[in-house]
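# Structure at a glance
Chain by chain, the residues run as shown.
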4 protein chains.
Amino acid sequence: MLRYLTSGESHGPALVAIIEGLPANLPLQEAAINHQLWRRQQGHGRGYRMKIETDQIEFLSGVRFSKTMGSPVALAVHNKDHKNWLSRMAPTGDAPDDLARVSKPRPGHADLPGALKYEFDDMRNSLERASARNTATLVAVGAIARQLLDVFSISLCSHIVQIGPVKVDRDKISALSFEELSARAESSSVRCADPDAEAKMIRVIDQAKEDGNTVGGVFEVIVTGVPVGLGSYVMPDRRLDARLAGAMMGIQAIKGVEIGLGFEAATLPGSLVHDALFHDPARGVYRQTNGAGGIEGGISNGEPIVVRAAMKPIPTLYKPLPSFDLETKEAYLAAIERSDACAAPAAAVIGENVAAYVLAEAFCEKFGGDSIEEMKRNFASYQARVAERLR
Amino acid sequence: MLRYLTSGESHGPALVAIIEGLPANLPLQEAAINHQLWRRQQGHGRGYRMKIETDQIEFLSGVRFSKTMGSPVALAVHNKDHKNWLSRMAPTGDAPDDLARVSKPRPGHADLPGALKYEFDDMRNSLERASARNTATLVAVGAIARQLLDVFSISLCSHIVQIGPVKVDRDKISALSFEELSARAESSSVRCADPDAEAKMIRVIDQAKEDGNTVGGVFEVIVTGVPVGLGSYVMPDRRLDARLAGAMMGIQAIKGVEIGLGFEAATLPGSLVHDALFHDPARGVYRQTNGAGGIEGGISNGEPIVVRAAMKPIPTLYKPLPSFDLETKEAYLAAIERSDACAAPAAAVIGENVAAYVLAEAFCEKFGGDSIEEMKRNFASYQARVAERLR
Amino acid sequence: MLRYLTSGESHGPALVAIIEGLPANLPLQEAAINHQLWRRQQGHGRGYRMKIETDQIEFLSGVRFSKTMGSPVALAVHNKDHKNWLSRMAPTGDAPDDLARVSKPRPGHADLPGALKYEFDDMRNSLERASARNTATLVAVGAIARQLLDVFSISLCSHIVQIGPVKVDRDKISALSFEELSARAESSSVRCADPDAEAKMIRVIDQAKEDGNTVGGVFEVIVTGVPVGLGSYVMPDRRLDARLAGAMMGIQAIKGVEIGLGFEAATLPGSLVHDALFHDPARGVYRQTNGAGGIEGGISNGEPIVVRAAMKPIPTLYKPLPSFDLETKEAYLAAIERSDACAAPAAAVIGENVAAYVLAEAFCEKFGGDSIEEMKRNFASYQARVAERLR
Amino acid sequence: MLRYLTSGESHGPALVAIIEGLPANLPLQEAAINHQLWRRQQGHGRGYRMKIETDQIEFLSGVRFSKTMGSPVALAVHNKDHKNWLSRMAPTGDAPDDLARVSKPRPGHADLPGALKYEFDDMRNSLERASARNTATLVAVGAIARQLLDVFSISLCSHIVQIGPVKVDRDKISALSFEELSARAESSSVRCADPDAEAKMIRVIDQAKEDGNTVGGVFEVIVTGVPVGLGSYVMPDRRLDARLAGAMMGIQAIKGVEIGLGFEAATLPGSLVHDALFHDPARGVYRQTNGAGGIEGGISNGEPIVVRAAMKPIPTLYKPLPSFDLETKEAYLAAIERSDACAAPAAAVIGENVAAYVLAEAFCEKFGGDSIEEMKRNFASYQARVAERLR
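The shown structure was predicted, so the numbers you read here are calculated from the model rather than taken from an experiment.

### As for the interface of chain B and chain A
- Chain B puts 103 residues into the contact, and the matching count from chain A is 103 residues.
- Buried surface at the junction of chain B and chain A, both sides included, amounts to about 7800 Å², of which 63% is carbon and sulfur.
- Three residues, Y233, K255 and R389 of chain B, lead the burial of chain B against chain A; their summed loss comes to 11% of the area buried on that side.
- Where chain B touches chain A, the interface holds two salt bridges.
- Between E119 of chain A and R385 of chain B there is a salt bridge, with its nearest N and O atoms 3.0 Å apart.
- Viewed at the interface, chain A and chain B are joined by 43 residue pairs in polar contact (both at pLDDT 80 or more).
- Its residues placed into classes, the side of chain B that touches chain A shows 54 nonpolar, 30 polar and 19 charged.
- With three bridges joining them, strand β10 (residues 254-259) of chain A and strand β10 (residues 254-259) of chain B adopt antiparallel strand pairing. Paired with G256 of chain A across the two strands is E258 of chain B, which belongs to β10 of chain B.

### Here's the deal with the UniProt feature "binding site: NADP(+)" (unreviewed entry) in chain A
All names here are of chain A.
- UniProt feature "binding site: NADP(+)" (unreviewed entry): in the numbering of this structure it lies at R40 and R46.
- Relative to the helices and strands, R40 is located in helix α1 (residues 30-40).
- With respect to the helices, strands and loops of the structure, R46 is situated in the loop between α1 and α2 (49-52).

### Thoughts on the UniProt feature "binding site: FMN" (unreviewed entry) in chain A
- According to UniProt, the positions carrying the feature "binding site: FMN" (unreviewed entry) are R129, A130, S131, Q252, A253, G297, K312, P313, I314, P315, T316 and R338 of chain A.
- With respect to the element layout, A253 of chain A can be found in the loop between α9 (240-249) and β10.
- Excluding anything up to four places from it in sequence, A253 of chain A contacts A310, M311 and K312 of chain A.
- Within the fold, K312 of chain A resides in the loop between β15 (305-311) and β16 (322-324).
- Take K312 of chain A: its relative accessible area is 9%, and that puts it in the buried class.
- Once you skip the residues sitting within four places of it in the chain, K312 of chain A turns out to touch G108, G216, A253 and K255 of chain A together with A265, V273 and H274 of chain B.
- Of note is the side chain of K312 of chain A, whose polar atom sits 3.0 Å from the backbone oxygen of G108 of chain A.

### A look at the sheet that holds strand β1 (residues 3-7) of chain D
Residues and elements named next belong to chain D.
- The strand order across the open sheet formed by four strands is β1-β2-β6-β3, and the pairing between neighbours is antiparallel. This sheet does not close on itself; its edge strands, each paired only once, are β1 and β3 (57-61). Taken over all neighbouring pairs, the strand axes of this sheet differ in orientation by 20 degrees on average, direction set aside.
- Here five bridges tie β1 to strand β2 (residues 14-20), and the two strands are oriented antiparallel to one another.

### Structural notes on the pairing of strand β3 (residues 57-61) of chain A
Residues and elements named next belong to chain A.
- Most of β3 is tucked away, with four of its five residues classed as buried.
- The pairing of β3 with strand β6 (residues 73-78) spans four bridges and is antiparallel. The residue bridging I57 from the neighbouring strand is V77, located in β6.

### Details of the relation of the copies chain C and chain B
- In the superposition of chain C on chain B (RMSD 0.0 Å, axial shift 0.0 Å), the rotation amounts to 180 degrees. Classification of the inter-copy transformation places it as that of a two-fold axis.
- Of the residues that chain C buries at the interface, 100% are likewise interface residues in chain B, meaning the two copies contact each other through the same surface.

### A word on the relation of the copies chain B and chain A
- Screw-axis analysis of chain B against chain A gives a translation of 0.0 Å along the axis, an RMSD of 0.0 Å, and a rotation angle of 180 degrees.
- A shared interface surface links the copies, since 100% of the contact residues of chain B are contact residues in chain A too.

### A closer look at the packing of aromatic side chains
All names here are of chain B.
- Evaluation of the coordinates by the stated rule reveals 42 aromatic pairs over all chains.
- On the basis of an interplanar angle of 75 degrees and a centroid distance of 5.2 Å, the ring pair of F367 and F379 is categorised as edge-to-face. Pair noted here: F367 is in helix α11 (residues 344-367) and F379 is in helix α12 (residues 372-390), with a separation of twelve residues, a long-range link. For the pair formed by F367 and F379, the shared burial category is buried.

### A few points about the sheet that holds strand β6 (residues 73-78) of chain B
Residues and elements named next belong to chain B.
- An order of β1-β2-β6-β3 is seen for the four strands of this open sheet, with the pairing classed as antiparallel. A strand with exactly one partner marks an edge of an open sheet, and here the two such strands are β1 (3-7) and β3 (57-61). Averaged over all pairs of adjacent strands, the angle between strand axes in this sheet comes to 20 degrees, irrespective of strand direction.
- Packing against the sheet, helix α1 (residues 30-40) makes contact with β3 and β6, and its axis sits at approximately 135 degrees to β3.

Scoring rules and cut-offs
Residues numbered from 1 in each chain as written. Chains lettered and ligands numbered in written order. Predicted model: local features only at pLDDT ≥ 70, side-chain atom pairs only at ≥ 80, totals over all residues. Heavy atoms only, no water. Contact = heavy atoms within 4.5 Å. Buried area = accessible area lost by both parts, 1.4 Å probe. Salt bridge = Lys/Arg side-chain N within 4 Å of Asp/Glu carboxyl O. Polar contact = N/O pair within 3.5 Å; in protein donor to acceptor, adjacent residues only side chain to side chain. Nonpolar A, V, L, I, M, F, W, Y, C, P; charged D, E, K, R; others polar. Pairing = 2+ DSSP bridges. Helix = DSSP H or I, 4+ residues; strand = E, 2+ residues; numbered from the N terminus. UniProt positions renumbered as here; feature names shortened; annotations may be inferred. Buried < 20%, exposed > 50% of the residue type's maximum accessible area, 1.4 Å probe, protein only. Axes fitted to C-alpha atoms, helices over the stretch in contact; angles between N-to-C directions. Least-squares fit on C-alpha atoms with pLDDT ≥ 70 in both. Phe/Tyr/Trp six-rings, centres within 6.5 Å; stacked < 30°, edge-to-face > 60°.

Right under this line is the structure:
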């Protein structure tokens, strides 16, 4: 059973994660985690913060000579910016007399509901944790999960399919292989594999920035190499689709999630939605379509898993929205924290790594094993049995 | 902490649920649960099974004189059809020699991944549990949760916003109050509050049935009376939006979930997405829009919660899809189990009750309390404090 | 991941359990579960209730042709006595006007803390669920776990080592094999393998009954065939010893738990406590002592697991203890519910089955697998690897 | 819901804990946590390590101006000794060519079962995490929980009742108040409140050290001010006694746990075990005995909670036990890691803080609330209601 906790505030000393339940002897490269953190910080339309924080993890425990020890893995991402916030974000001591408290909630943020839920007179207490900065630990945890999946040749990529009103032309990218799609997304500043759409997306972002506005988008995560049999229909909380959807919606600013055909499946007749099954002695079972997005009955079916998520525009606008002061009750324009014009490409990277965690969790449940060697044996034996039945 | 387990097969002796963690002394009406089960069985386009099973729950434990006892509540929904399946679905004894095993997987169902995951030579073992029949216990659990929410004036309704290609005209229903919307949905055979769309939806369903085809749809669940402060941004798994999305995607045949503006939020600029905050001494805080769908930063913000889910067409088609026999490997057309032409209206009722459970769970976490009296005191004290801060 | 919920009141319609996470295709014999329930009802010194309720389970779901289906298994034990309690324990309807409420708490029971915690004006609401009657479902769940352990040649037995002041003579039983010890315990009316102690124990029980008093005792559970490697030191809640201790203390009336030497380990010097390790090419690793009780560092070490638990005397005395009426505040003697003079032999059977569940849970975690076939392959591969390293 | 994860190796960079679910605005003193860590390092008979590591926590997140923020709290205890282990315990890079691997398992430790479970060729991977060093984070987590309990006037103390064969004279300490008992324990180098026994205990420890041997002991934790109603009988895993027993047995080297009379309850007749209830208009309900140790039916009953745990002697003996080399299979004497002659007084401090966590967890469940202010209101309202019923 894989589990984790993260902690950290945007301007506190450090972001910390503990992940527990990894098999022992799993090779874990610090550089691979830092690479995911770097990817999270890219994308056209990112602001100031991305420049000052080049995130690097530090392993605090659970890893020895670049391998897991079976024990919980702890890592920290130190906030370089903390030194500028020492008096405002000190863990210990008393609040300074001249502390500027945040009492003007920003619409679309956790500020107001957070302050009411937790009885805060300083909304900074909420916004520091609710900040998207904290997705760094989610990515780090996912980047570890990903190194487990790597051992079993399960790969993930993500790409942007929409920024504001601009959508990719599906016809232009449907013939791309996983590797091609991934390569194109990696080399695009908006993670878009369709060059025409890419150009338009960049213009939309630039225009939004110029207008003091923001734009959201839709990203797609694709996972290949997933064995048949992760997740289950036996209880709702065992379903792989439910777990992916919960995890995706758990990322800041995500307002929609869909798998395979998703909402389009509601429009089409059944005969165009479901994926016919074919068999061939050489290939075993295969499908010619993947409307299910790799999951049938809550279980991975061996096809690539395809998940999309919709991100709302970042709510911190340079042209701020009407709000009020919780102390004085005066009408006000919402306070500005520094912000990006568009974070959808970064969200795609986050989504990729969050999906990696969900898959690793389901993978560990199915295959058990306390060491990577044992897990490999269990996996091989299952795969052989499945292949035998499909031959 | 609220938790539950369900069990049951479509043609087994009974569907059973145990729900644990309810406060003591909560009034629990059997009739209210049966009413939700009845609602689940309605809707234009339902088939044979809905006619033979008029589901009724039996309380087996945890309830005395129509009140909870603090102890786990168990209930059973007996499968009236089980008597026709005694030899094929007997819990005990050996399989009959002439048992007809299911070896031809139906595309879009759990049949094939289930058989490979669990090493079944009879896919009935999968399809019996994966069947949407088992949403009856989900509804029963939700119907209990709902009676808890009732005490605190939290109400839910659902309506259909799309069947196949037909969508409601939002302009025609946007002015409706919660009560009006709910009443219209209840009196519509497709749970649609827009009479013009309703007529078209019925035609779409009838046409699909005639064609041996099926159609899906999109439903919307609305929850009013939710206090500020359920869920949290502190960890992804505490977020109310993540939990709702996971639960909704956990319902059979759901392929997409969105909250508030959902996917549309990816299209619009930030200035049109976020809900400006206003204050008035009499009303306290208010908003003029609800693009957030009642959740900001993973926390309920006091506005109605709005969730939509997309249901794919039921995969059991009378014009079956290509498949193959797992034993013989011969190409085949998928076996037909009896089926509905459209189950989206029923899915809406299921979604409503599933959402009720998620909200009750978050409610119990926030307010604690072992009796409904204690919970009421805790709730009143919090609400008074919130009102005081917003005055 | 194995999990379960139980429900049920002593005089309600039924006791119900759902156990989820069992591998598919596991043979499950109803008779084997009923046998454990029968064993739970035996023992010198049992009272009236044991005679009227010969417990039998009914499978409601999750089992087909005596094999698990991978889906949750639900079972009910119907309370035959419920028919005599219809008006007092009706789940539905209103309380009768002449309902006799319990307002006089019995010392040593949940009556008073339960009534205060849950705001009950009728302590029956607490005592019905807190009753040891509800260990029937614990035993049933354990009896299922046991059939999983059986597949892997893991066996459990229990015996009584103390009743009131009478203890077994360890010298008389230390030479007994697991099978001999088990056989003697099974054939003794107090589950005692030392005939001299057995005779004295029976006299102690008879005397207590004559005096309107009760006596407790200490039982020992032994588990053989446990592979090296269940549980872990990596987190406290993964430790096998912690989980066994929690589960044992979770049985009604248990006040102490010890593993291996237990409290005696606090008295002896280290040189007499720890089990020296020896190696022999034929036997692999072996120990000549088992002071650790089969668990080192929270992990099973391959030796038999030995757990003991102390049961307090049943608190319902025919010579009742001083108490008071919560309504009138008058001093009173505690109300008498029918009772046994000694239930320690039954507690041993309960402990055995509770231990079986804990081991099965840890077993499933380590070996994963969704079918018993897959689990067997995983187990065999691990055992081969361990043997190879110890050769 | 309170939850935590810890991580850390004995000679790794740091020990880390994340605790999540604490109410916001709870005052949290770093010094109070460091004080508990300091207490853990005291005691006659401690060895070298206790001298080089004066543990100090560093808050990494979740705390601002000495108050909780509602978000997860992360803390680190840096291992000062790590600098001497850089090449042997480096998280990253490759193992040095001349790395001395541990292949000789020490009896009584996790070394051998750990190496087999996790497929380690270097038992250091197990012993580093299994080390009692890691109780530092358990204590830190408990020390935080304790500051929550403090707000509600719930206090804990611990004292040693046995070291090796020497037991306290209960008559000498039974008249002591909680404060006196606590004060005496604090000022004793073996945490013993009975001066005569204390002197003998010190001699036993000194003798053991001289003999190259070790001794264990029994400690008792007492908790006062616990409200009626924590824990429950409704499910085994909700029982306060079960949770305390599991947590205590989860501490390294603990082999037995008992509550109230514990094992003695198995010896005595029922009439001498259970605590009669008395009522007085001024005092409300009261008892003259506390055989139950403050827990009836798995629920706190308002009396002090009394838990004892038996610690085995530390297994690392300077006169080492027979063992063998897992690589060469040669017989060998177990490798010596530096060790204490007796760690029971430290274990008492650990037990105290572990108990604090369990109580805080049950407290949060019962009273809910997201801020300490809300929790206080909920608590006061419940306490008033209980008092009203007992008046």
